[in-house]
Amino acid sequence: MFCFELNFSVNVLGTYIITESMLPLLEKAALDARVITVSSGGMYTAPLTNDLQYARNKRVQVALIEKWAEMYKDKGIGFYAMYPGWAETPGVAKSSPEFSERFSGKFRTWGEGADTIIWLALQPKEKLVSGGFYFDRAEAPKHPPFASTRSTNDE
Ligand SMILES: NC(=O)c1ccc[n+]([C@@H]2O[C@H](COP(=O)([O-])OP(=O)(O)OC[C@H]3O[C@@H](n4cnc5c(N)ncnc54)[C@H](OP(=O)(O)O)[C@@H]3O)[C@@H](O)[C@H]2O)c1
């Protein structure tokens, strides 16, 4: 039996297992099949390493999307990662209560946070870049300028 750290389990293993398990169905649903992974702007602070903290797990999600896009580019499945922005959700209230209280009313609503997810689901695929990272209905950089967050394929 294996034990995994909870955040790594939910964000990395969960994303990996659900997506891999769905691939046969996604292939059947081609050419309009798509996978949208909700990552985070937190990943801008982290490179791809084997440390299991939240930001790195969100970085791994973006790397997985890139890998799947490359592996399945001829299968008619689109893979996209996105950042919802700070949105008022039960998750934020529970995991960062002080932060949540301090900025209450200043976050996006959960509906605004979901906007780009829905947009990615509904856009004609030829307008989207498979393997891309999206924020506010547009492709966004995966790395901040001058940051050492890039990794090699081997990593
Ligand atoms: N809200 C933000 O400002 C923000 C910013 C950046 C990124 N994100 C990302 O957006 C995504 C959704 O977050 P949210 O803010 O909408 O939080 P949320 O309202 O708490 O939703 C989190 C979801 O994850 C599920 N979940 C939590 N722990 C789990 C576990 N141990 N096993 C299986 N499922 C689990 C929850 O399931 P149940 O409903 O069954 O509990 C819930 O559906 C996350 O990937 C988060 O990293 C959010």
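Residues numbered from 1 in each chain as written. Predicted model: local features only at pLDDT ≥ 70, side-chain atom pairs only at ≥ 80, totals over all residues. Heavy atoms only, no water.

**Student:** Looking at this structure, I do not really get the packing of helix H1 (residues 6-29) against helix H2 (residues 54-71). What am I missing?
**Tutor:** Packed helix pairs are specified by the crossing angle of their axes together with the interaxial distance, meaning the distance between the axes. Axis separation between H1 and H2 bottoms out at 8 Å; the angle between their running directions is 15°. Between H1 and H2, the interaxial angle falls into the category roughly parallel. In this structure, H1 crosses over H2, and the sense of that crossing is right-handed. Here Asn7, Phe8, Asn11, Val12, Thr15, Tyr16, Thr19 and Glu20 of H1 come into contact with H2, specifically with Tyr54, Asn57, Lys58, Val60, Gln61, Leu64 and Trp68. (Axes fitted to C-alpha atoms, helices over the stretch in contact; angles between N-to-C directions. Helix = DSSP H or I, 4+ residues; strand = E, 2+ residues; numbered from the N terminus. Parallel < 35°, antiparallel > 145°, perpendicular 65-115°, else oblique. Left-handed = near helix turned anticlockwise from the far one by under 90°. Contact = heavy atoms within 4.5 Å.)

**Student:** Can you help me understand the side chain of Lys58 in this one?
**Tutor:** Along the chain, the position of Lys58 falls in helix H2. In this structure, Lys58 is buried with no salt-bridge partner, the nearest side chain bearing the opposite charge being Glu5 at 12 Å. Once residues within four sequence positions are removed from consideration, Lys58 is found in contact with Asn11, Val38, Ser39, Ser40 and Met43. (Buried < 20%, exposed > 50% of the residue type's maximum accessible area, 1.4 Å probe, protein only. Lys, Arg positive; Asp, Glu negative; His and termini not counted. Salt bridge = Lys/Arg side-chain N within 4 Å of Asp/Glu carboxyl O.)

**Student:** Honestly, the nonpolar core in this entry has me stumped. Any pointers?
**Tutor:** Soluble, globular proteins show a tendency: their nonpolar side chains are buried together. Within the largest apolar cluster, 21 residues are counted, with the highest numbers of intra-cluster contacts made by Ile77, Phe79 and Phe133. Contributing elements (two or more residues each) for this core: H1, strand E1 (33-38), H2 and strand E2 (77-83). Looking at this core element by element, the count peaks at six residues for H2. With six residues, the next largest nonpolar core counts Met82, Leu120, Leu128 and Tyr134 among its residues. (Core = buried A, V, L, I, M, F, W, Y, C linked by side-chain atoms within 4.5 Å.)

**Student:** Looking at this structure, I do not really get the packing of aromatic side chains. What am I missing?
**Tutor:** To describe a pair of aromatic rings, you give the distance between the ring centres and the angle between the ring planes. Applying the stated rule across the entire model yields twelve aromatic pairs. On the numbers, 6.3 Å between centres and 80° between planes, the contact of Tyr80 with Tyr134 is edge-to-face. Of this pair, Tyr80 sits in strand E2 while Tyr134 is found in strand E3 (residues 132-135), placing the two residues 54 residues apart along the sequence. When sorted by exposure, Tyr80 lands in the same class as Tyr134, which is buried. Between Trp86 and Phe99, the aromatic rings sit 4.7 Å apart at their centres with planes inclined by 50°, giving tilted as the arrangement. Residue Trp86 is located in the loop between E2 and helix H3 (90-95), and its partner Phe99 is located in helix H4 (residues 97-102); the two are separated by 13 residues in the primary sequence. An aromatic cluster is present here, built from Tyr16, Trp68, Tyr72 and Phe79 joined pairwise through their rings. (Phe/Tyr/Trp six-rings, centres within 6.5 Å; stacked < 30°, edge-to-face > 60°.)

**Student:** So what exactly am I meant to see when it comes to the side chain of Arg34 here?
**Tutor:** Relative to the elements of secondary structure, Arg34 occurs in strand E1. Side-chain polar atoms of Arg34 contact the backbone oxygen of Leu120, separated by 2.7 Å. Side-chain polar atoms of Arg34 contact the backbone oxygen of Ala121, separated by 3.4 Å. Not counting chain neighbours up to four residues away, the residues in contact with Arg34 comprise Leu26, Ile77, Gly78, Tyr80, Leu120, Ala121, Leu122, Gln123, Lys125 and Leu128. (Polar contact = N/O pair within 3.5 Å; in protein donor to acceptor, adjacent residues only side chain to side chain.)

**Student:** Explanation requested: the pattern of salt bridges in the structure shown.
**Tutor:** Pairs can form between side chains of opposite charge once their charged atoms are near each other. The final tally for this structure, using the stated rule, is seven salt bridges. A salt bridge links Arg56 to Asp51; the shortest N-O distance between them is 3.9 Å. Residues Glu66 and Lys142 are paired through a salt bridge, measuring 2.7 Å at the closest nitrogen-oxygen approach. Of this pair, Glu66 sits in helix H2 while Lys142 sits in the segment after strand E4 (138-139), placing them 76 residues apart in sequence.

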